Structures are given as C-alpha cells and as structure tokens.
Amino acid sequence: MMSSVGDLRVVNRIAECDIRRTGLLPEHVTAFRRQGVLVVRGLLTPQELADVQEAGRALIDRAWSTRSMEDTVWTLEPDQPGAAPVRIEYVVDKARPIAMLAGHPLLLRIMEQLVGPNLIPTWDSMVFKTPAGAPRLAWHRDAGLYDNAVGVTGAGRVIDAGIYLDPAPEDNCVWCIPESNYWGDDRLTATADQLNASEWDTTGAVPAVMQPGDLLLHNILTLHGAPAVVGKQRRVIYFEYRPAEVEWQLGPHSAEYIGLKQQVLRSCIQMRANEPQFGDEEPFDYQPAESLRHWVDRPEIDTLRFAHEEYWRW
Ligand SMILES: O=C(O)CCC(=O)C(=O)O
C-alpha cells in the first residue's frame, strides 16, 4: 500500500526517501523525528554493494571455519550441534570495504543532518541470518540508553543506520512501532512484554521491507524486533551514531572514546578518498564544533577497533 504526499512516499506507514533522486528533504527529517524510523532507498551503487557483500560473506565464512567467539555472537556454543553465528562486532576493523563504507559521504551527510555536526560513530556490527537459521530478536530498544532517554533523544539524535546487503521481505525483516520513540518506560516495558509473550506478535508494528543497498534508520528508542528465520540469508551492517556533546556529558563511553572514534571516522573518510573507485565523490567534510575536536593532538591510531568495555563510563 503506497500513498504519495509531495515528494514524501509513505509505505505501510514508514516514510521513504529515494536518496539519489531527492536527497534528504525536510519532510523526511520530520517523518524520522516523528516516527523514529525512515527507509532510505538506494544508498549503495551496485559496485559498492558487491564489494561489501563479498566482505560480509568472507567474515561469515571465517566465523564458520574458525568457530571462534571472538567478537562473534552464536545462537549456541559454537561447537554445539545447530549453532550458527548471528552477529559480528567491530566490522570496520575487519574488512576494508566496510571501513570505506563507514566513510560514505552520502551516509555521513544524512547522519550529520539528523545527529548534528558533532556526530561520532559508536557501534559497528554486522547482524545476519544465515540459511542455518537465527532465532527471533525479541522486541526491544537498543542498548546504551540514558536515564530519562526520551527527554534526551526522543526526537532522534542517537541513531542506528542499517545498510542492507540482502533482501528483507516481510517474513524476514525488522518490524518497528512508529512513535514508540516517545513512549515512557512503563508503556514501553508493558508493550514489549506483551509482544514477547508469544513467539512472534506484530500488533501495532510495521515491517521495514528492504532491498540490497538500502538504508534503514531507526532511533535507538524505537521499539523493534525481527522474527525467527531458517533457510534465508539476510546481512545488515549496523553503524550507530551519537552526538559527541551527549557522549561527553552523559556517556555511555568515556571522554577519551570521543577522540578515538573521531579518529576512526576521519581514517575511514581518508581511506575512501584514497580509493580510485570513489575518485568522483566529494568526500564528507567532518566539521564538529571546535570545542569537540578531540582528535587534535592525539597520537595516530593503528586500529579501528576500540572495545566498548574498555571505555564504559557507567
Ligand atoms: O537486523 C535485525 O534483525 C535486527 C537487529 C537488531 O534489532 C539489533 O541488533 O538490535
């Protein structure tokens, strides 16, 4: 079901932006602030999509062949029958095409518009379903929530950006409840408990049906979940972004983390700018407020992996 309001298309109630046709328009920003979710079509070119798909394939193959739990979440202990990997952390450090994706100028301009000029990357992960299967992802808000989270960021400046490497049809996609980003804790908990009481209940939710190369933005406060699936592949690269001033004042990471992740971002932008494939692009111009340029005077970094647990403030 699709309706059209000017340039803003509304599909099953999630607003959509055709990014290479219109850019991110004020009505897309308004829809995201209101609903806590926005579909952005066609972020990746076919070549970049193929490169990141190949990188994703290699990371999953490595998980299967090593059965390692390092930075990798499995459904069961990896040596148990039926175990399957479902998540790999710090993927920017593990694959050059994913590091270059983290420097994508169109992606970063969207994030700058929504998060503000002081955006920093916080989490980077690949969440995936292999044909071996993945269990339901229960209804939840994402981690790293603030006290009084709705007051801090109900309108959405802490954002998860999911870049799709495979199709996500209705029976294998993320579902979310628009405007739940404004719910208080009691309503949120009661609704999640109710929905999670049965194997898969989508009451009040809408599906985020995605195509490879698309981007799904969700406010980390938006209630979302995904059904169990077997026999299908769906890989999503998730980059989370936060405003540095919020991280500086409230955490969850230490102040030192801000400078390190700004260095990661700047390295990814530079890596992409040096790559002939992206020679025609205007690189993203990262210009946070002067007082929040925490990379200045820091030693060079030799990794893109800064483990959360070494930098928690809480
Ligand atoms: O891509 C998915 O299936 C959902 C991932 C998710 O909600 C999460 O990792 O918190």
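The sections below set out a description of the structure shown in this document. Treat the numbers as computed from the prediction; the structure is a model and nothing was measured. (Residues numbered from 1 in each chain as written. Predicted model: local features only at pLDDT ≥ 70, side-chain atom pairs only at ≥ 80, totals over all residues. Heavy atoms only, no water.)

**As for unusual backbone geometry**
The bulk of non-glycine residues show a negative phi, and the bulk of peptide bonds are trans.
Right, on to step 1. A cis amide bond links glycine 251 with the next residue in sequence, proline 252, at an omega value of 15°.
Right, on to step 2. A positive phi is found at arginine 67, a non-glycine position, where the angle reads about 55°.
Right, on to step 3. Topologically, arginine 67 is positioned in the loop between helix H3 (46–66) and strand S5 (72–74).
Right, on to step 4. Phi at tyrosine 90 takes a positive value of approximately 55°, unusual for a residue other than glycine.
Right, on to step 5. Tracing the chain through its elements places tyrosine 90 in the loop between strand S6 (85–89) and helix H4 (91–94). (Helix = DSSP H or I, 4+ residues; strand = E, 2+ residues; numbered from the N terminus.)

**Examining the site of the ligand**
Right, on to step 1. Lining the immediate surroundings of the ligand are Arg87, Val127, Lys129, Leu137, His140, Asp142, Val174, His224, Ala226, Arg234 and Tyr238.
Right, on to step 2. Across the complex, the protein chains shield 92% of the 300 Å² of accessible surface that the ligand would expose by itself.
Right, on to step 3. Counting only elements with at least two residues in the shell around the ligand, the list comes to strand S7 (119–129), strand S8 (137–140), strand S13 (224–226) and strand S14 (234–243).
Right, on to step 4. Its residues placed into classes, the shell around the ligand shows five nonpolar, two polar and four charged. (Near = heavy atom within 4 Å. Areas by Shrake-Rupley, 256 points an atom, 1.4 Å probe, with all protein chains shown as cover. Nonpolar A, V, L, I, M, F, W, Y, C, P; charged D, E, K, R; others polar.)

**Here we look at the side chain of aspartate 124**
Right, on to step 1. With respect to the helices, strands and loops of the structure, aspartate 124 is situated in strand S7.
Right, on to step 2. Buried charged residue aspartate 124 carries no salt bridge. Nearest counter-charge: lysine 261, at 4.1 Å.
Right, on to step 3. Engagement of the side chain of aspartate 124 in a polar contact is seen with the backbone nitrogen of valine 91, the distance being 2.9 Å.
Right, on to step 4. Residues within four places of aspartate 124 in sequence aside, it is in contact with Glu89, Tyr90, Val91, Val92, Tyr238, Phe239 and Lys261. (Buried < 20%, exposed > 50% of the residue type's maximum accessible area, 1.4 Å probe, protein only. Lys, Arg positive; Asp, Glu negative; His and termini not counted. Salt bridge = Lys/Arg side-chain N within 4 Å of Asp/Glu carboxyl O. Polar contact = N/O pair within 3.5 Å; in protein donor to acceptor, adjacent residues only side chain to side chain. Contact = heavy atoms within 4.5 Å.)

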